[in-house]
Structure formats: structure tokens, C-alpha cells
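# Breakdown of the fold
If you want the building blocks of each chain, they are given just below.
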Amino acid sequence: MRAAGKEQAGRRADDMYRIRVVNRSFSSAIVSACSALIFSCSLQAATLTQNIQSGWNTFRNNVQQTWEAPQNKDFYLPAITWHNRWTYDDEHINRYNERPWGAGGGISRYDDKGNWHGLYLMAFKDSYNKWEPFTGYGWEATWHPIEGSRFHLGAGYTAGVTARDNWRYIPVPALLPLASVGYGPLNFQMTYIPGTYNNGNVYFAWLRFQF
């Protein structure tokens, strides 16, 4: 009986030892996995921070160079404001203004890659027929689909600040897509303001003549 008891006690001790070994291994695996995950997240955060900093430096340098060394002066003539009929009811469409009377001016340049950079200020009548200023920086990659022709296309973005009467003319930042079709110094530029039902979702276009 005593021998059997000792044997059972020995087995229990062996089992407890194995459990401790397994627990230690499992704990070590969890710690290693967590450490690897934290390290990976730290690397990704550092990379994201570097990319944001690099992007901001490029943006700032482009704006500064356009301001200090422009190649052209630009005249802006607002042409059309169109409220997306799929996102507005008739009541709103019937009372909104879609003739953005106004004008603007700016400066611009083309970089070594042929991409366009511009600084501008426009003032025009908004959807409520109230004056709305918009000033900002625009960038477009440009293409000449017909070799040897002055016809060109552009796509990029604009970042600026606007203010509206229905917002009590509080400055509001805006980051919008930008596209253009042009021939020589004459360009038809456009953007689209996203939004919700009966709000935003507006196509806005203007003529830009550079000289």
C-alpha cells in the first residue's frame, strides 16, 4: 500500500511538473507574440509618421516654390454649379442657384515632370446666391494624349479654405478632387464636393486662362 501511495504521489509530482513546463512554454509564446506585435505596430506607426511628414514637406515646398517662382498668372471665371439630381429632391433643386457668377485670379507653374501647381483666390455666388470666397493650392498631373498637340488633360487635388453665408462666414478647410481639360493656355477645371442627401454632392467648374 505504501509503495502504491508513493507511486501515485510520484505520478502527481511528474504531472504537476509537466503542467508547469507547459504553462511556462505557453506564457513564453504569448509574451513573444505580444512583443512581436508591439514591435510590428511600432514600426508601422513610425513608417506612417515618416510618410505623413514627407508628404507634408513635399506639399509645403510645392506651395512655397509656386509662391516664390510662378511662371504664369491666371484668370478664373466660374462657369457652372450643378447639384446632383440623384441626391436632391425637387424642392431643393428649384430654389438653389446654379449660376456661380464671379471671378478670381492666381499664379501657377509647371514642374520638371510637367505637372501643374497653382495658387488661387475665387469669389462666386453659392447655392443660396450669396458670395462665397475660396482660396487654396491646386496640383494636377498632366497628360498630352495627342503627341505634338496642345490638347491636355489633368487630374489631381486642391486644398484650400472657404467660407459661406449660411455658415456665418466661418473659415472651413476643404480637400477636393481636381480635374481639367485644356488646350494651350485655356483650361476647363472642375471639382466635385461630396455630401449626403440634400447636402453637398455638387459639381463645380470654372475656366482658367493662364498668361
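So, a few notes on the structure that sits alongside this text. (Residues numbered from 1 in each chain as written. Predicted model: local features only at pLDDT ≥ 70, side-chain atom pairs only at ≥ 80, totals over all residues. Heavy atoms only, no water.)

Along the backbone of the protein chain there are 2 helices and 8 strands. Each helix and strand of the protein chain, placed in order from N terminus to C terminus, yields the pattern α-β-α-β-β-β-β-β-β-β. Residue burial in the protein chain is summarised as follows: out of 211 residues, 31% are buried. (Helix = DSSP H or I, 4+ residues; strand = E, 2+ residues; numbered from the N terminus. Buried < 20%, exposed > 50% of the residue type's maximum accessible area, 1.4 Å probe, protein only.)

As a further point, take the sheet that holds strand 2 (residues 102-110). Read around the closed barrel, 8 strands run 1-2-3-4-5-6-7-8, paired in antiparallel fashion. Along the sheet, successive strands turn relative to each other by an average axial angle of 30°, direction set aside. Strand direction decides the pairing type here: strand 1 (residues 72-83) and strand 2, joined by 5 bridges, are antiparallel. Considered in strand 2, the bridge of K73 is made with I107. (Pairing = 2+ DSSP bridges. Axes fitted to C-alpha atoms, helices over the stretch in contact; angles between N-to-C directions.)

In this structure, T162 sits in strand 5 (residues 151-162). T162 gets classed as buried once you look at its relative accessible area, which sits at 7%. Along the sequence, T162 and P133 sit 29 residues apart, while their C-alpha atoms lie 5.7 Å from each other. When sequence neighbours within four positions are dropped, the list of residues in contact with T162 reads E132, P133, F134, W167, I170, P171 and V172. Of note is the side chain of T162, whose polar atom sits 2.6 Å from the side chain of E132. A polar side-chain atom of T162 sits 2.8 Å from the main-chain carbonyl oxygen of P133. (Contact = heavy atoms within 4.5 Å. Polar contact = N/O pair within 3.5 Å; in protein donor to acceptor, adjacent residues only side chain to side chain.)

Take the packing of aromatic side chains next. Tallied over the entire structure, the rule returns 12 aromatic pairs. Relative to Y137, the ring of F59 lies with its centre 5.3 Å away and its plane at 90°, an arrangement referred to as edge-to-face. Placement of F59 in helix 1 (residues 2-68) and of Y137 in strand 4 (residues 131-143) is noted, with a sequence separation of 78 residues between them. Taking 6.1 Å as the distance between ring centres and 5° as the angle between the ring planes, the aromatic pair formed by Y120 and F134 counts as stacked. Separated by 14 residues along the polypeptide, Y120 in strand 3 (residues 116-125) and F134 in strand 4 bring together distant segments of the chain. Judged by relative accessible area, which is 8%, Y120 ranks as buried. Pairwise contacts between aromatic rings join W56, F59, Y137, W139 and Y157 into one cluster. (Phe/Tyr/Trp six-rings, centres within 6.5 Å; stacked < 30°, edge-to-face > 60°.)

Attention now moves to the pairing of strand 1. Bridging between strand 1 and strand 8 (residues 202-210) involves 9 bridges; their strand directions are antiparallel. The residue bridging P78 from the neighbouring strand is W206, located in strand 8.

Remark: the empty space left among the atoms is shown by a probe the size of a water molecule rolled over them. One number sums up the size of the largest pocket: a volume of about 640 Å³. Mapped by element, the contributors of at least two residues to the lining of the largest pocket are strand 1, strand 3, strand 4, strand 5, strand 6 (172-183), strand 7 (186-193) and strand 8. Top contributing element to the lining of the largest pocket by residue count: strand 6, with 4 residues. Residues that form the lining of the largest pocket fall into these classes: 17 nonpolar, 11 polar and 3 charged. (1 Å grid on protein atoms, 1.4 Å probe; cavity = no way out; pocket = protein on both sides within 12 Å on 5 of 7 lines; lining within 4 Å. Points joined across faces, edges and corners; volume = space filled by probe spheres on them. Nonpolar A, V, L, I, M, F, W, Y, C, P; charged D, E, K, R; others polar.)

The next point concerns the environment of Q71. Following the sequence through the fold, Q71 ends up in the loop between helix 1 and strand 1. Once residues within four sequence positions are removed from consideration, Q71 is found in contact with S108, R109 and Y110. Here the side chain of Q71 touches Y110 through a polar contact of 2.8 Å, landing on its backbone nitrogen.

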